[in-house]
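A structural walkthrough
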Amino acid sequence: MSFDIEQLDQADLSLLETLDHVLNRGLVIAGEITISVADIDLVFLGLNVLLSSVETAHEVLRKRE
Amino acid sequence: MSELAYYVYCIAENAAAAQLPAASLPAAIEDESKLEWVVSNDLAALSSTVPRASYTEESLAEHLSDASWTAVRAMRHETVMEYVARRASVVPLRFGTIYLERAGVERMLEEKRRELAQIIERLRGREEWGVNVYCDQTTLMSSITSVSPVLRDLVDRAAQASPGQSYLMQKKIETLKVDEVRAALTRIIDEIEHELSQQSEDAKRLRVLKVEATEYGELKAKFAFLIKRADFETFRDAAERLAQTHQATGVRLELTGPWPAYNFTRID
């Protein structure tokens, strides 16, 4: 199944924004296990993958409500 | 029993953490685990245990390429952050700050005590707000003649010129329009940044993740502003004034937040 960015509603866009905040911002303190920046960028690489993950995140959030 | 590691979300003053007992907090990043404050002196790190096997460097690299795994955990991280940031001054950490043992978290709090306290102090009573600037290219293109003095002048002269001259000038106008649209947009975005920076304590221009069409047009710029809670209304009014001023040119502003201050954690 593929997704088109134009099918994204406002909630999806704010979800993208949230992911960007959590994954790319915030103080970096080198923990004992470190994630390299390259790995984080990987997440934003494939749009299709990301959008399907947005769906999953919605499902998870709905279940928790 | 499988081995565990400590995932850290944020750092607050111990006095503030004491007002937020673990039982009152949202769900942790992994289902089987609960949030807890790890305390050292006057600081406390909000953390929860995670299965060490899924959070080694190798398996994390693998998990992170599975965007649904990452999205779910990033959302939980954010839910926790938002809850705490509304109730205390906290330093938000980037996703994936992990220690092998509780003692490692305590050591970090001790070693970074001074700078963490400094950031907590700087963020107290403040929130991060995002401003996204969208532009509808078609509207801007059709309104550019009235926005750009150079173009307006050419249009006036073309109207009075002979048919032959007027034709050549029209050609020139069409070519110039593209450049002028780009220049006008840069000018508008700079103005927005300048005006809103004056209404905030700190400002940061962020990268635009990807340029895609939305119902507001294309996302052209993203900013983060650090604002005192008491100053937010003034800031919002300024943003609304800017939005009204530029509406006719197809430029739209979107305000997002309040966010935990993810973009303002640098150490001075």
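Starting afresh in each chain, residues are numbered from 1 along the sequence in its written order. In the order they appear in the text, chains get letters beginning with A and ligands get numbers beginning with 1. Side-chain atom pairs in this predicted model are given and counted only at pLDDT of 80 or more, local residue features only at pLDDT of at least 70, and totals for whole chains, interfaces and linings cover all residues.

Attention shifts here to the overall build of chain A. Helix and strand assignments come from DSSP, with helices taken as H or I runs of at least 4 residues and strands as E runs of at least 2, each series counted from the N terminus. A tally of regular secondary structure across chain A gives three helices and zero strands. Starting at the N terminus, the α and β elements of chain A follow one another as α-α-α. The buried share of chain A, reckoned over its 65 residues, is 31%. Each residue is classified by how many other C-beta atoms fall within 10 Å of its C-beta atom, where C-beta atoms are placed from the backbone; a count of 20 or more means buried, 12 or fewer means exposed, and values in between mean partly exposed.

Moving on, we come to the sheet that holds strand S4 (residues 90-99) of chain B. Residue and element names in this part refer to chain B. By the convention used here, strands pair only if DSSP detects at least 2 bridges between them. One open sheet holds the four strands; their spatial order is S2-S3-S1-S4, and the pairing between them is antiparallel. A strand with exactly one partner marks an edge of an open sheet, and here the two such strands are strand S2 (36-40) and S4. Strand-to-strand twist of the sheet, defined as the mean angle between neighbouring strand axes without regard to direction, takes the value 25 degrees. Placing C-beta atoms from the backbone, we regard two residues as in contact once those atoms come within 7 Å. The angle between two axes is taken between their N-to-C directions and runs from 0 to 180 degrees, where each axis is a line fitted to C-alpha atoms and a helix contributes only its stretch in contact. The strands touched by helix H3 (residues 67-85) within the sheet are strand S1 (4-13), strand S3 (43-51) and S4, with S1 carrying the most contacts at an inclination of about 30 degrees.

Right, let's get into the nonpolar core. Residue and element names in this part refer to chain B. Formed by 44 residues in total, the largest nonpolar core has its most connected members in Cys10 and Val84. Elements with a minimum of two residues in this core: S1, S3, helix H2 (57-65), H3, S4, helix H4 (102-111) and helix H5 (113-123). A total of eight residues in this core trace back to one element, the largest contributor, which is S1. Those residues in contact with Val84 that lie beyond four places of it in its chain are Cys10, Ala12, Leu20, Leu46 and Val90. By definition, a nonpolar core groups buried Ala, Val, Leu, Ile, Met, Phe, Trp, Tyr and Cys residues that connect through C-beta atoms lying within 7 Å of each other. Residues Leu196, Ala224, Phe225 and Ala239 belong to the second largest nonpolar core, which totals 21 residues.

With that settled, the discussion passes to the pairing of S3(B). Residue and element names in this part refer to chain B. The buried count for S3 comes to eight of nine residues, which makes it a mostly enclosed element. Here S1 pairs with S3 via nine bridges, running antiparallel. Looking at the pairing, Ile11 lines up with Ala45 of S3. Relative to S3, S2 is paired through five bridges, and the arrangement is antiparallel. Each bridged residue has a counterpart across the sheet, and for Glu36 the counterpart in S3 is Ser47. Hairpin connection, S2 to S3: the antiparallel pair is bridged by two residues, and Asn41 has positive phi, about 55 degrees.

All names here are of chain A. The share of residues in chain A with pLDDT of 70 or more is 29%, and the mean pLDDT across the chain is 59. Confidence of the predictor at the level of single residues is given by pLDDT, which spans 0 to 100. The least confident element of chain A is helix H3 (residues 47-64), whose mean pLDDT is 52; the most confident is helix H1 (residues 10-24), at 72. Long-range and interchain partners of residues 1-8, a stretch whose pLDDT sits below 50, account for seven contacts in this model, where long-range means more than four residues apart. Scored below 50 in pLDDT, residues 45-49 shows three contacts in the model against residues more than four places distant or in partner chains.

Our focus in this paragraph is the environment of Ser24(B). Residue and element names in this part refer to chain B. Checked against the element boundaries, Ser24 lands in the loop between helix H1 (14-17) and S2. Among the residues examined, Ser24 registers 10 C-beta atoms within 10 Å and is labelled exposed. Taking the C-alpha atoms as reference, Ser24 lies 60 Å from Pro149; in sequence the two are 125 residues apart.

As a further point, take the environment of Met75(B). Checked against the element boundaries, Met75(B) lands in helix H3. A C-alpha to C-alpha distance of 25 Å links Met75(B) and Leu109(B), two positions 34 residues apart in sequence.

Moving on, we come to the domain arrangement of chain B. Domain extents, as shown, originate in an automatic or database domain assignment. Once the domains are mapped, chain B shows domain 1 (4-124) and domain 2 (128-259). Computed over C-alpha atoms only, the centres of domain 1 of chain B and domain 2 of chain B are separated by 39 Å.

Here the focus is the packing of helix H8 (residues 163-198) of chain B against helix H9 (residues 232-246) of chain B. Residues and elements named next belong to chain B. As a packed pair, H8 and H9 sit with axes 10 Å apart at the nearest point and diverge in direction by 160 degrees. One finds that H8 runs roughly antiparallel with respect to H9. In this structure, the crossing between H8 and H9 has a hand that is right-handed. Contacts between H8 and H9 involve Ile188, Ile192, Glu195 and Leu196 from the former and Phe235, Ala238, Ala239, Leu242 and His246 from the latter. The residue makeup of the contact of H8 with H9, split by class, is seven nonpolar, one polar and one charged. Orientation categories follow fixed angle ranges, with anything under 35 degrees roughly parallel, anything over 145 roughly antiparallel, 65 to 115 roughly perpendicular, and all other angles oblique. Less than a right angle of anticlockwise turn of the near helix away from the far helix marks a crossing as left-handed, whereas a clockwise turn marks it as right-handed. Charged residues are taken to be Asp, Glu, Lys and Arg, nonpolar residues to be Ala, Val, Leu, Ile, Met, Phe, Trp, Tyr, Cys and Pro, and polar residues to be all remaining types, Gly included.

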